[in-house]
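Spelled out from the first residue to the last, the chains are:
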Amino acid sequence: MPSPPPAWWKDGVCYQIWPSSYKDSNSDGLGDIPGILPTLNYLRDLGIDIIWLSPTYASPQADMGYDISDFEAIYPPFGTMADMDMLISEVHRRGMRIILDLVINHTSDQHVWFKESRKSRDNKYSDFYMWQPPKYAPDGTRRPPNNWRSSFGGSAWEYVLERDQYYLHLFAKEQPDLNWENPVARKAIYETAIEYWLKKGVDGFRVDVANLYSKDVSFPDAKILEPDAETQFPFEHCLNGPRIHEFLKEIRRDVLDKYGEDVMMVGECWMTERDEVIRYVSKGEKELNMIFDFAMASVVMEFEDGAPKTREWKLPELKAAVAKAQLLTQDTEAWTTVFAENHDVPRSLSRYATTDPKWKVKAGKLLAVMLATLTGTLFLYQGQEIGMVNVPDSWTVEDFRDIASLNSWKATAERYAGDEEKLCKALQMLRMTSRDNARTPVQWDDGPNAGFCPQGVKPWIRVHDNYKEVNVAAAQKDPDSILATWKQMLRLRKQYRDVLVYGSFEIYNMEDPNVFSYVKSFEDTKILVALNFSSEEQDLEIPPSFKERTMELLVANVDQVQDKLSAWEARAYLVR
Ligand code: GLC
Ligand code: CA
């Protein structure tokens, strides 16, 4: 079998930039587009091929730009349209690609469509959003149409007097859900949110909540899983809904295909099982190229009473989650992704490995070896390459900015008012689960504000206390840094792309609670990866069939390998 034909969106390594916290160029304490330009060479040298830029559109910033008020304008503090055009061309000039965030499940309530829609039931935009009549309790009290809960807490419905109706918002009330049942609305979305940017030359999109557009429009009550709560998560009625595949096919056929077959679409798809995932990403379906599967995130985090909390987890669960995304490509026409971080989940070192100072750097390298040897398109999140970690224990509620965290904290503070012990525990949970863990400023150097913004300027969110030790400048000088390992691994990934990017994946020690070992294969070439996820020495098991073959050490996170795997050791062998 010859090598798989190259596809830029399969071989390419993608780096997510979350603009608010990346780099501030004009000393207002907020990251911006011009701030990205001087870092492009750094990213290229790291081995990055594709940049995913999180929303920079005009927005009131109720949800950090995931509430868009104009798809064809830039949020002024992030820069101008000229800055954006420059970014696109500077990325392309370096032979890299750029994808944008496509947020079209909802808009901001300040989008002109919604401002018009809320005025009356019979204007041009009346049916652009999901409006429903109130329900009335026996005593005449006005109630929302059903018991659906918003992902950010509280009812998913908001009443508007002018229409005497409620509108649906699966996220904040400032993020009304668009009405995908309306073909006129769909066409308008495609033109402004997608085509406008494809005409500017962007190479594709990360599709925000890609499995959420189609709702059960009879709007039944959600199953009661929390009997004491007023609202319930509505996912059975809106996730992977009845018309979702029709809508995504329409986008590919009627919009993207006009710009070539190669427009990259990577969808965010929480809580979706394998068979359903294949329907989104199988080549023949012509919908998305790949999705982010959050099975790995769910291993370490769960929801209780609507609030996120950490889970006690065992290594076999992590292996199963990795396997779910890996096995997707086997015997199917589907493609997959590899990622451990983004702007919505805490830092990977803190969640899957250890921040124990004794092992942190070694464990960070272990994660790099793991991620860079898995099949699929690889995504890194800003700061991951230098081993940025979750916020420290000393941070208080005032240090947090995320709407999801603050809403859930408010609810908790009300529920446990006066109970110091419960509140203290809840704050501890907030520190470990908040999306702000990923949103602290990128640590560029050991100067004031970690080089994110100049001395004397207050960054919009607190800089992590560890910046003197963990920063890009220090990592670049240190051949033993996590960054150096990432560079090495991304080179290796390109060198052995058949096996590492496209190969098949097999776990051979599923039950082992400490060591994660797997074999990647393409034809007769095999790479064995062994990862010790513990602080103790462990045996290195080698599949019996490898004993007659030659094993060449490709990479290790120790200077000298011994028979046994040392604490947090990672190794990869090429087996011939
Ligand atoms: C996605 C985004 C998240 C945002 C939400 C609503 O999950 O990744 O940041 O809050 O959608 O747009
Ligand atoms: Ca700025």
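Shown above is the structure to which this text applies.
These numbers were taken from a predicted model, which means no experiment stands behind them. (Residues numbered from 1 in each chain as written. Chains lettered and ligands numbered in written order. Predicted model: local features only at pLDDT ≥ 70, side-chain atom pairs only at ≥ 80, totals over all residues. Heavy atoms only, no water.)

A. Expanded view of the environment of N557. Its location among the elements puts N557 in the loop between β21 (551-556) and β22 (570-575). Looking at N557, the relative accessible area reads 11%, which means it is buried. Note: C-alpha distance between N557 and K365 (192 residues apart in sequence) is 6.4 Å. Among residues more than four places away in sequence, those in contact with N557 are K362, K365, L366, W568, E569 and A570. (Helix = DSSP H or I, 4+ residues; strand = E, 2+ residues; numbered from the N terminus. Buried < 20%, exposed > 50% of the residue type's maximum accessible area, 1.4 Å probe, protein only. Contact = heavy atoms within 4.5 Å.)

B. Representation of the coordination of the calcium ion (ligand 2) within the structure. Coordination sphere of the calcium ion (ligand 2), protein contribution only: D24 (OD), N26 (OD1), D28 (OD), L30 (O) and D32 (OD), at 2.2 to 2.3 Å. Binding-site remark: the calcium ion (ligand 2) is held by donors from one chain whose sequence spacing is D-x1-N-x1-D-x1-L-x1-D. (Donors = N, O, S within 2.8 Å, 3.2 Å for Na, K, Ca; no water.)

C. Structural view of the packing of helix α13 (residues 403-415) against helix α14 (residues 420-433). The geometry of α13 relative to α14 is characterised by a closest axis approach of 11 Å and an angle of 170° between their N-to-C directions. Considering their axes alone, α13 and α14 lie roughly antiparallel with respect to each other. Contact residues: S405, W409, T412 and A413 in α13; L423, A426, L427 and L430 in α14. By residue class, the composition of the contact of α13 with α14 is six nonpolar, two polar and no charged. (Axes fitted to C-alpha atoms, helices over the stretch in contact; angles between N-to-C directions. Parallel < 35°, antiparallel > 145°, perpendicular 65-115°, else oblique. Nonpolar A, V, L, I, M, F, W, Y, C, P; charged D, E, K, R; others polar.)

D. Examining the packing of helix α6 (residues 183-199) against helix α7 (residues 244-255) more closely. Taken N-terminus to C-terminus, the directions of α6 and α7 make an angle of 60°; their axes are 12 Å apart at the nearest point. Classified by the angle between their axes, α6 and α7 sit oblique to one another. For α6 against α7, the interelement crossing comes out right-handed. Between α6 and α7, the residues in contact are R186, Y190, I194 and E195 and F247, E250, I251 and V255, respectively. Grouping the constituent residues of the contact of α6 with α7 by class yields five nonpolar, no polar and three charged. (Left-handed = near helix turned anticlockwise from the far one by under 90°.)

E. Quick peek at the site of ligand 1. Neighbouring ligand 1 are 14 residues; D63, D208, E268, H343 and D344 lie closest to it. A distance of 3.0 Å is found between an oxygen atom of ligand 1 and a side-chain nitrogen or oxygen belonging to R435. Protein burial of ligand 1: of its 310 Å² of free accessible surface, 97% is covered by the chains. Taken together, the residues of the shell around ligand 1 break down into four nonpolar, three polar and seven charged. (Near = heavy atom within 4 Å. Polar contact = N/O pair within 3.5 Å; in protein donor to acceptor, adjacent residues only side chain to side chain. Areas by Shrake-Rupley, 256 points an atom, 1.4 Å probe, with all protein chains shown as cover.)

F. Quick look at the pattern of salt bridges. By the definition in use, this model includes 43 salt bridges. In this structure, E226 engages R149 in a salt bridge whose closest nitrogen and oxygen atoms are separated by 3.1 Å. In this pair, E226 is assigned in the loop between β11 (204-207) and α7 and R149 in the loop between β8 (142-143) and β9 (157-160), connecting sequence segments 77 residues apart. Considered together, E226 and R149 belong to a single accessibility category, that of buried residues. Ionic contacts of the salt-bridge type, sharing partners, join the residues D63, D344, D402, R435 and R439 into one network. (Salt bridge = Lys/Arg side-chain N within 4 Å of Asp/Glu carboxyl O.)

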